[in-house]
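Residue strings, one per chain:
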Amino acid sequence: MNTRHRSIRYPTLLLIGLTVLAALSRLLPHPPNVSPIAALALLGGATLSFPWSFVLPTTAMLLSDLILGFDRFPITLSVYGSFCATVALGRWIKGHQGPWSLLGASLGSSVIFYLITNAAVWWFSGMYQRTGSGLILSYVFALPFFRHTLLGDLAYTFTLFLSVWHLPQVFFITRWRAQPSVRSQHTPVLPASAHDVP
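Residues numbered from 1 in each chain as written. Predicted model: local features only at pLDDT ≥ 70, side-chain atom pairs only at ≥ 80, totals over all residues. Heavy atoms only, no water.

Describing the confidence of the model for the chain
No. 1: A residue-level look at the chain finds 78% of positions with pLDDT of 70 or above and a mean pLDDT of 81.
No. 2: No element of the chain has a lower mean pLDDT than helix α8 (residues 192-195), which averages 43, and none a higher one than helix α6 (residues 132-141), which averages 96.
No. 3: For residues 1-10, every residue scores under 50 in pLDDT, and the model assigns this stretch 13 contacts once sequence neighbours within four places are set aside.
No. 4: In this model residues 181-198 is a low-confidence stretch, pLDDT under 50, and it forms 17 contacts with partners more than four residues away in sequence or in other chains. (pLDDT = per-residue confidence, 0-100. Helix = DSSP H or I, 4+ residues; strand = E, 2+ residues; numbered from the N terminus. Contact = heavy atoms within 4.5 Å.)

Right, here's the structure in full:
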């Protein structure tokens with residue numbers, strides 16, 4: 001397998017691995033609403049084209065929900081829909097790479113999830129009256145979970161993006177340095193993925 005072929009497949013394998021790990025993380029004990037799915041949706045939007053950007057978070061959700069079980073269909077749909085909306089924020093990150101962009105997108109994804117899913121709970125769960133005060137009550141009671149969502153999304157978003165942005169470069173540079181026989185006085189030509197060119 002030539003070097004260029006490896007440089008193309010490596011990110012793909014990384015994203016597949018992250019999807020599987022995200023699904024597994026929902027099966028392990030964790031604080032409520034602390035999940036890597038929103039971060040994965042941002043990552044899909046920032047790194048993949050349609051429709052694969054949506055496949056990343058929805059696949060992770062489906063794999064874990066097949067074991068955990070599904071909520072009522074409208075509520076489940078609101079959860080999946082919020083993550084699909086988060087993919088659009090990931091598309092924005094593509095042209096605005098940097099820590100402040102990640103921070104804004106992560107906070108935005110948490111707010112999207114909070115607003116959409118709790119509106120669905122208000123309307124479809126039967127727990128609240130279908131009035132304005134019932135909707136406000138739904139949002140108020142969800143605030144403790146929203147705090148978990150914010151912290152979890154921030155941690156996972158920065159971890160995933162820093163890993164995908166920097167680990168491939170570290171991987172290939174380390175391999176080059178580990179081969180003294182091929183070192184020269186010239187600047188090494190790294191695989192395409194390290195330079196992010198076609």
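This is not the end of the story, as more comes after the structure.
Things to note about α6
No. 1: All of the buried residues in α6 are Gly134, Ser138 and Tyr139. End-on view of α6: buried residues confined to an arc of 140°, all on one side of the axis. Pointing more than 90 degrees away from the buried face of α6 are the exposed residues Ser133 and Ile136. (Buried < 20%, exposed > 50% of the residue type's maximum accessible area, 1.4 Å probe, protein only. Arc of directions from axis to C-beta.)

A few points about the environment of Tyr114
No. 1: Relative to the assigned elements, Tyr114 resides in helix α5 (residues 99-124).
No. 2: On the basis of relative accessible area, Tyr114 is assigned to the buried category, the value being 11%.
No. 3: In this structure, the C-alpha to C-alpha distance between Tyr114 and Tyr139, residues 25 residues apart in sequence, is 7.9 Å.
No. 4: Excluding anything up to four places from it in sequence, Tyr114 contacts Tyr139, Val140, Ala142, Leu143 and Phe146.

Details of α5
No. 1: Look at α5: 37 Å from first C-alpha to last across 26 residues, which is about the 38 Å you get at 1.5 Å a residue.
No. 2: One or two residues past the end of α5 sits Gly126, with phi positive at roughly 80°. (Expected span 1.5 Å × (residues − 1).)

With respect to the packing of α5 against α6
In a pair of packed helices, the angle between the axes and the distance between the axes together describe the arrangement.
No. 1: Contact geometry for α5 and α6: axes closest at 9 Å, N-to-C directions at 125°. Taken together, the axes of α5 and α6 are oblique relative to one another. As α5 runs across α6, the sense of the crossing is right-handed. Between α5, through Tyr114, Leu115, Asn118, Ala119 and Trp122, and α6, the contact on the second element is made entirely by Gly134, Leu135, Ser138, Tyr139 and Val140.
No. 2: Here the residues of the contact of α5 with α6 are counted per class, giving seven nonpolar, three polar and no charged. (Axes fitted to C-alpha atoms, helices over the stretch in contact; angles between N-to-C directions. Parallel < 35°, antiparallel > 145°, perpendicular 65-115°, else oblique. Left-handed = near helix turned anticlockwise from the far one by under 90°. Nonpolar A, V, L, I, M, F, W, Y, C, P; charged D, E, K, R; others polar.)

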